[in-house]
Every structure is written in structure tokens, then in C-alpha cells.
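One-letter residues, chain by chain:
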Number of protein chains: 2
Amino acid sequence: MAEATGRTGEAPVTAAMLVIGDEILSGRTKDRNIGYVAEFLTNIGIDLKEARVVADDIQDIADAVNALRARYTYVFTSGGIGPTHDDITADGIAHAFGVPVIHHPRAVEILKEYLGDRINEARLRMARMPEGAELIENTVSKAPGWRIGNVHVMAGIPAVMQAMMDAIGPTLRTGARMLSETVEGRGIKEGDIGGPLGQIQAVHKDVMIGSYPHSDGTRFTTSIVIRARDAGALAAARREVEALVDRLAAETGD
Amino acid sequence: MAEATGRTGEAPVTAAMLVIGDEILSGRTKDRNIGYVAEFLTNIGIDLKEARVVADDIQDIADAVNALRARYTYVFTSGGIGPTHDDITADGIAHAFGVPVIHHPRAVEILKEYLGDRINEARLRMARMPEGAELIENTVSKAPGWRIGNVHVMAGIPAVMQAMMDAIGPTLRTGARMLSETVEGRGIKEGDIGGPLGQIQAVHKDVMIGSYPHSDGTRFTTSIVIRARDAGALAAARREVEALVDRLAAETGD
């Protein structure tokens, strides 16, 4: 698919998401964080280019973090920063950066203030992070996330991760926002619109045209999604897609 | 986390899942295939070790396929085998294997039989696959998936992917099934059970113990999931976890 261009002179801002947790790979827990982060980043003009899910394994975490942080502007992780023995994200990322794991003094203070008598060795694990990490506020349950280099480390619980993403958002360099519009295919099948849609895409190289077949409850139809950073380019492509849908719907659809 | 051992003399069977599609990375469509494949494989004794999501980009697809097929017993992909210009999974995987893309003769026949007058150039794209690929039956919408080497290529639409997974299942070498049992934490917080649970894990190296905090609607509690391939090992660890939960629930929970 053609790559949309940003505003002139503006480097695209890219990102990868890394979900950490055996429970996702066993199927016991269904990931919701990739989809959330994808939408969040799209809305602020950052292109999510890749996502990965790895096990609670120090080497697997380190290998994935090193591959992703070298390739993209930002990396976001979720999972593995809780109080139990299998929460080893800190160890994996410290290994990736070649630095020791410490108890972050300010994180220890936050946990002690919030937890009072309930503080114990397990809960203090939540202050473990690579030396040099900076805290990310957690307005939900206080135990902070953290950032080291271009890697942002968040909790796995969706509500907590989302609060951390809100805290991170204003610190990120963002690109021109990707604009997106959907033309409903009104009963047209993807196989009928695929050929001419490819011709429109070939001419409009500054937009990205995707087609998504789905059932609307009573019939199969196709949504055509047009994305671009330039409103004029998007509008021009949209007009052609709408004319195509009008023509095909008259023949085969509504 | 400790790795569970399979039956004596049995090599573990491993897998990776690769989801292909811009619509997942933009957040427009939420992936449901990773979770489905994770559960499916767990139930037949195959360990899903990694999942990735990449864009509709030939080089990105090829790089991911080559990394994963070298590392795991099986690779499963979803997405990008439909009739439109952005369906380029065949091109990416052919590039990974260094073979040309052809129209598979039997796939062309299947499409012509099923589609009759509706056959066109776009729909014939669904017969494009790397030379040497073998077909995977699609009982839902006929256009087949395909296998090349250890890589199984499926549709992105969940109902179609699930039908293809059913067709693939009996062809796979499977390991000893992972047994899994959950002990409910009855209001115990993860930070209270984390320390002693780590001690149980340290002793029972042949099981995997995970703890998952969640709200049961009225309070926060923790589920403890114990997994092993050996029923005896699982039962022994479970007894200790249950005794621990009894003790802690008397102190802090129900």
C-alpha cells in the first residue's frame, strides 16, 4: 500500500507496541491494549508500525525491545510490572539496555505513601526498574510506569495502561495527524470493487485506500477506508471512490 | 517463569502467530485472531511463543515470516489474502521463501466453480500464492488458505480464519497438552499473595504459576492459574496454592 506523506519537511513519527505476558499467549487473557494504543497513536499523528506479544521471559523481552527501539521513534510496552515473581519486564528491559535493576527511590516513596501498612517485599517489586528510568504517573492505582530511552513501560491492566498512556501523550513528538474517512459500500462485494479500487489507489499515491468486507447483519458489504495526512488529497480520492460505489451499487448492490 | 516440561523424550511443539494488516495497526479493526489461535493451540498441546502484527508491506511481511519460521515449529498468519490491491500476503511470503507468485491451478478451479459469473481479475487474486504452496480448505467462503513450508496462511475475517484453523488442526504435530487450573483468590490482593506464591513457584519448577489481578464486580481479587503438562505436578502445586489462599483469605480476604 502507498505510504502517505507527512507535511513537507516533517519526519514521520513511528512506534511499536510490545505486549508482555504468558496469559496472552496461552489465550487465557485476550489482549485489548494493542487496539487501544493503535487508536490513541493514530489520533495524535504517530504511526504504529508493528506490534508484538512475547512471553514472561527475560531474553525474549530484551530481544524484542532491542529490535523495536532501534527501528521506531517510540516503543510502548504493557504487562509484567506488577508485584509477583512472573513480573519481570524490568529485568528484561534492563538487560536490553545493559544497566542494573534498582528500586527507584521516588517510586518506593509513592508506594509507601499509598499503601501504608500494606507495603511488603512483593509490592516493593513495583518500584524495581532499570537504573536511569523516569516515572510515568498512574492516576488509577499509583504504582508508576516508567520510561527509559524511547521505551515507555506500562501496566497490563487496560484501565491502568490507559491512564499511563494519557500521562505519556503530552510528552510525545507527534506528526501530522492521519485523516481517515469511510465510504460505505452499500452491499458491494469486495471482489467486485477490488479491481477499480486498485486503479484509484494507483493514481492517488498520497492516500491509503483499504477495503474491509463485513456483514452488516443482513448482507455482506464492503467498507472503503481512505486515509491521508492532507485533506485535499483525501477529498479528491474520496470523490472517485464515491463515484465508483454509486456506479457499482446501481449494478450489483442497493 | 519456569518452563513446563513435556512428556519424557517429547520435543516441545512451538508456534508463532503473524497478523497482517494496516487496519489492525491503525486501530480501525481490533484483532481477535491472536486470542483465538492462542486458545486453539494451547488446547492441542502447541505452545504459542510469540505473536506479531505487521503492516501490508511486502518487506515487513517477509522479514517477520523469516524470523518466525526459523525459530518455531509452526507459523500461522491471518490477513491479506483477499481480492484487493492491498492484499499482498502472497507477495510477502513468496519473497521470504525466494519463490515466484503463481495462480494455483486448483485454487483457480475452486474459485471458478464457486463464483460462476462473478469471477473477475480481482477475485482471481485469491488464487495467487507462492509456487509450491498447498491449499487449506475454507468451508465458509471457499477461497482457500495455503501452506508453504511450516507457514500456514489464513484469512483475516475471524469466521473464515477459524474454519481454516479447523482444517489445519489435524495436520499438526502436537505435544502433551498443557493442563491448566485456576484457584480463585477470594478477595486477596496480588501484592499480598505475590511473595509466598513466588516461593511456591521456586519449589515447583515443573509448573507455571501466574497471578492475574482483576475486579470481580464488587472488589479487587486475584486469580491464580497453575499450568503443567503433568497432572501430578499440577495437583501438588495446586494443594499448596489452595492452602496459601485459605490462610490469606482468613487474614485479609473473605
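Residues numbered from 1 in each chain as written. Chains lettered and ligands numbered in written order. Predicted model: local features only at pLDDT ≥ 70, side-chain atom pairs only at ≥ 80, totals over all residues. Heavy atoms only, no water.

Per an unreviewed UniProt entry, chain A goes by Molybdopterin-binding protein and derives from Microbaculum marinum.

(A) Looking closely at the sheet that holds strand β10 (residues 208–215) of chain A. All names here are of chain A. In spatial order, the strands read β9-β11-β10; together these three strands make up an open sheet with antiparallel pairing. A strand with exactly one partner marks an edge of an open sheet, and here the two such strands are β9 (179–184) and β10. Between one strand axis and the next, the sheet turns through 25° on average, direction left out of account. Here six bridges tie β9 to strand β11 (residues 220–228), and the two strands are oriented antiparallel to one another. When the bridges of β11 are listed, Glu184 appears paired with Ser223. Helix α8 (residues 190–203) rests against β10 and β11 of the sheet, and its axis sits at about 170° to β10. Its contacts with the sheet put helix α9 (residues 231–251) on β9 and β11, and the angle it makes with β9 is roughly 10°. (Pairing = 2+ DSSP bridges. Helix = DSSP H or I, 4+ residues; strand = E, 2+ residues; numbered from the N terminus. Axes fitted to C-alpha atoms, helices over the stretch in contact; angles between N-to-C directions. Contact = heavy atoms within 4.5 Å.)

(B) Region of interest: the packing of aromatic side chains. All names here are of chain A. For the coordinates displayed, the defined rule picks out four aromatic pairs over all chains. Both rings, one in Tyr74 and one in Phe76, keep their centres 6.2 Å apart while their planes meet at 50°; by these two values the pair is tilted. Over the ring of Phe97 we find Arg69; its NZ or CZ atom is 3.8 Å from the centre of that ring. (Phe/Tyr/Trp six-rings, centres within 6.5 Å; stacked < 30°, edge-to-face > 60°. Lys NZ or Arg CZ within 6 Å of the ring centre and 35° of its normal.)

(C) Structural view of the interface of chain B and chain A. Contacts between chain B and chain A engage 51 residues on the former and 51 residues on the latter. Counting the surface lost from both chain B and chain A, the interface buries some 4200 Å², and carbon and sulfur atoms represent 53% of this. Where chain B meets chain A, there are six salt bridges. A:Arg71 serves as the salt-bridge partner of B:Asp60, at 3.0 Å between the closest nitrogen and oxygen. In this assembly, chain B and chain A are joined by 16 residue pairs in polar contact (both at pLDDT 80 or more). Counting residues per element, the ones that place at least two in the side of chain B that touches chain A are α1 (22–25), α2 (33–43), β2 (47–54), α3 (58–71), α6 (121–124), α8 (190–203), β10 (208–215) and β11 (220–228) of chain B. Here the side of chain B that touches chain A takes eight residues from α8(B), the largest share from any one element. Along the lines of polarity and charge, the residues of the side of chain B that touches chain A split into 17 nonpolar, 16 polar and 18 charged. Two strands pair when backbone bridges link them, and strand β2 (residues 47–54) of chain A and β2(B) are joined in this way by five bridges, in the antiparallel orientation. When the bridges of β2(B) are listed, A:Ala51 appears paired with B:Val53. (Buried area = accessible area lost by both parts, 1.4 Å probe. Salt bridge = Lys/Arg side-chain N within 4 Å of Asp/Glu carboxyl O. Polar contact = N/O pair within 3.5 Å; in protein donor to acceptor, adjacent residues only side chain to side chain. Nonpolar A, V, L, I, M, F, W, Y, C, P; charged D, E, K, R; others polar.)

(D) Region of interest: the sheet that holds strand β7 (residues 145–148) of chain A. Pairing is mixed across the open sheet formed by twelve strands, whose spatial order is β6(A)-β7(A)-β8(A)-β3(A)-β1(A)-β2(A)-β2(B)-β1(B)-β3(B)-β8(B)-β7(B)-β6(B). Both edges of this open sheet fall to β6 (134–136) of chain A together with β6 (134–136) of chain B, since each of them pairs with a single strand only. Across the sheet, the mean angle separating the axes of adjacent strands is 20° when strand polarity is ignored. Sheet analysis places β7(A) next to strand β8 (residues 151–154) of chain A, joined by three bridges and oriented antiparallel. If you follow A:Arg147 over to β8(A), its bridge partner there is A:His152. Taken strand by strand, helix α4 (residues 89–97) of chain A contacts β1 (14–20), β3 (74–78), β7 and β8 of chain A, and its axis lies near 5° from that of β7(A). Contacts from α3(B) reach β1 (14–20), β2, β3 (74–78) and β8 (151–154) of chain B within the one sheet, and its direction differs from that of β2(B) by about 170°.

(E) Region of the structure containing the environment of B:Asp230. Residues and elements named next belong to chain B. With respect to the helices, strands and loops of the structure, Asp230 is situated in the loop between β11 and α9 (231–251). Residue class for Asp230 comes out partly exposed when judged on its relative accessible area of 45%. Separated by 52 residues in sequence, Asp230 and Met178 place their C-alpha atoms 8.1 Å apart. One polar contact links the side chain of Asp230 to the main-chain amide nitrogen of Ala233, over a distance of 2.8 Å. (Buried < 20%, exposed > 50% of the residue type's maximum accessible area, 1.4 Å probe, protein only.)

(F) Summary view of helix α5 (residues 105–115) of chain B. Residue and element names in this part refer to chain B. Buried residues of α5: Ala107, Val108, Ile110, Leu111 and Leu115, and no others. Along the axis of α5, the buried positions cluster into a sector of 160°, meaning they face one direction only. Exposed residues on α5 whose side chains face more than 90 degrees from its buried face are Pro105 and Glu113. Elements that come into contact with the buried residues of α5 comprise β4 (101–103), α6, β5 (128–130) and β6. (Arc of directions from axis to C-beta.)

(G) Quick peek at the packing of α3(B) against helix α4 (residues 89–97) of chain B. Residue and element names in this part refer to chain B. Here α3 crosses α4 at 50°, and the two axes come no closer than 8 Å. Comparing their axes, α4 and α3 come out oblique. The handedness of the crossing between α3 and α4 is right-handed. Taken together, the residues of α4 that come into contact with α3 (itself represented by Ile58, Gln59, Ile61, Ala62, Val65, Asn66 and Arg69) are Thr89, Asp91, Gly92, Ile93, His95, Ala96 and Phe97. For the contact of α3 with α4, a count of residues per class yields seven nonpolar, five polar and two charged. (Parallel < 35°, antiparallel > 145°, perpendicular 65-115°, else oblique. Left-handed = near helix turned anticlockwise from the far one by under 90°.)

(H) A look at unusual backbone geometry. Residues and elements named next belong to chain A. In this structure, Lys142 is a non-glycine residue whose phi angle is positive, near 70°. You can see Lys142 is positioned in the loop between β6 and β7. Taking relative accessible area as the criterion, Lys142 reaches 34% and is therefore assigned partly exposed. Of note in the backbone geometry, Arg186 takes a positive phi value of approximately 45° without being a glycine. Looking at the secondary structure, you find Arg186 in the loop between β9 and α8.

(I) Spotlight on the nonpolar core. The biggest cluster of nonpolar side chains holds 112 residues, and the ones touching the most others in it are A:Leu41, A:Phe76, B:Leu41 and B:Phe76. Excluding its chain neighbours within four sequence positions, the residues that come into contact with B:Leu41 are B:Ala15, B:Ile46, B:Leu48, B:Phe76, B:Met165 and B:Leu172. (Core = buried A, V, L, I, M, F, W, Y, C linked by side-chain atoms within 4.5 Å.)

(J) Representation of the UniProt feature "domain: MoaB/Mog" (unreviewed entry) in chain A in the model. The UniProt record marks residues 16–175 of chain A with the feature "domain: MoaB/Mog" (unreviewed entry), using the residue numbering of this structure. This span, residues 16–175 of chain A, is 40% helix and 22% strand, and a straight line between its end C-alpha atoms measures 15 Å. (UniProt positions renumbered as here; feature names shortened; annotations may be inferred.)

(K) Here's a closer look at the domain arrangement of chain A. Domain boundaries assigned for chain A yield domain 1 (14–171) and domain 2 (179–251). Inter-centroid distance (C-alpha atoms) of domain 1 of chain A to domain 2 of chain A is 38 Å. (Domains from an automatic or database assignment.)

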